[in-house]
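Coordinate analysis (summary)
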Amino acid sequence: MTEKYSFDYFKTGKEIDERTRKGIIELHYAADKDFIPPLSRRRQKIEDIPDLNSRFLVLKYEGRIAGVIIFWDYYWKCRSAYIGNTIVSRNFRKLGFGQLLIKESVKRLRLDGIHLVKTNTWSNNMSSINMLEKCGFTKYYTVRDARGKGIHKIWLRRSL
Ligand SMILES: CC(C)(COP(=O)(O)OP(=O)(O)OC[C@H]1O[C@@H](n2cnc3c(N)ncnc32)[C@H](O)[C@@H]1OP(=O)(O)O)[C@@H](O)C(=O)NCCC(=O)NCCS
């Protein structure tokens, strides 16, 4: 598998080419209902996501977009990063691509001078929690019922 994948890293949405832009939007639409709440019910419109002034790490497998991670820029000035949406295309899940994306993110963030990375997910998103814990993240804060009754928001972090 190793020789067939590659990464593209964009330090701002403005750098993203049209083909990749469309691919990122398609990934978000395809994963819409995997998220709680669904992405289409959030404040940020899916079409606008690739235009954000954020950083994007795109994973390609045999030239096709297989996954993406977005780093929102809220905490950049204090040398900490926040991982927003992480999506692996349904056809490529449970093959280790999620972990590849997280590990590559850690490398890129270190090179960008970031010392701490945080993210959050919801309590029954075991694929996300397992993926993050396998990559060295630890849970540090829970907001009970934040995503609905019995569905908590789980914060995880990792020092770099
Ligand atoms: C979360 C997500 C990115 C994981 O991607 P992935 O490529 O399937 O992850 P990996 O194959 O690297 O799996 C990492 C670990 O997570 C666990 N895992 C993956 N899918 C799982 C599932 N459905 N249930 C339980 N654990 C799961 C496994 O422990 C796996 O480790 P292993 O392969 O050694 O067993 C992917 O499921 C996804 O895109 N989900 C929809 C969007 C989402 O929920 N994003 C995260 C919140 S922002």
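Values in this document were obtained by computation on a predicted structure and should not be read as measured data.

Calculation notes
Residues numbered from 1 in each chain as written. Predicted model: local features only at pLDDT ≥ 70, side-chain atom pairs only at ≥ 80, totals over all residues. Pairing = 2+ DSSP bridges. Helix = DSSP H or I, 4+ residues; strand = E, 2+ residues; numbered from the N terminus. Near = placed C-beta within 6 Å. Core = buried A, V, L, I, M, F, W, Y, C linked by C-beta atoms within 7 Å. Buried ≥ 20, exposed ≤ 12 C-beta atoms within 10 Å, placed from the backbone. Contact = placed C-beta atoms within 7 Å. Axes fitted to C-alpha atoms, helices over the stretch in contact; angles between N-to-C directions.

With that settled, the discussion passes to the pairing of strand 7 (residues 153–159). Relative to strand 7, strand 5 (residues 116–122) runs antiparallel, the two sharing seven bridges. What sits directly across from Thr-119, in strand 7, is Leu-156. Here five bridges tie strand 6 (residues 138–143) to strand 7, and the two strands are oriented antiparallel to one another. Bridge pairing in strand 7 places Lys-139 opposite Leu-156.

In the neighbourhood of the ligand, 21 residues make up the surrounding shell, with Arg-93, Gly-98, Gln-99, Ser-127 and Asn-130 lying closest. Those elements that place two or more of their residues in the shell around the ligand are strand 4 (80–88), helix 2 (97–111) and helix 3 (126–134). The element best represented in the shell around the ligand is helix 3, accounting for six residues.

In this section: the nonpolar core. Soluble globular proteins: nonpolar side chains tend toward being buried together. Core analysis: the largest hydrophobic core is formed by 28 residues, its most contacted members being Leu-27, Leu-57, Val-58, Val-68, Ile-69 and Leu-101. Of all the elements in the fold, those that place two or more residues in this core are helix 1 (18–30), strand 2 (55–61), strand 3 (64–72), strand 4, helix 2, helix 3 and strand 7. In terms of residue count, strand 3 provides more of this core than any other element does, six residues in total. The residues contacting Val-58, other than those within four sequence positions of it, are Phe-7, Asp-8, Thr-20, Ile-65 and Val-68.

Taken in spatial order, the seven strands line up as 1-2-3-4-5-7-6 in an open sheet, and their pairing is mixed. Two strands close off the open sheet at either side, each with one partner strand: strand 1 (5–10) and strand 6. If you compare each strand with its neighbour and ignore which way they point, the axes differ by 25 degrees on average. Relative to strand 4, strand 3 is paired through five bridges, and the arrangement is antiparallel. By the bridge assignment for strand 4, Trp-72 is matched with Tyr-82. Against the sheet, helix 2 touches strand 1, strand 2, strand 3, strand 4 and strand 5, its axis set at about 135 degrees to strand 2.

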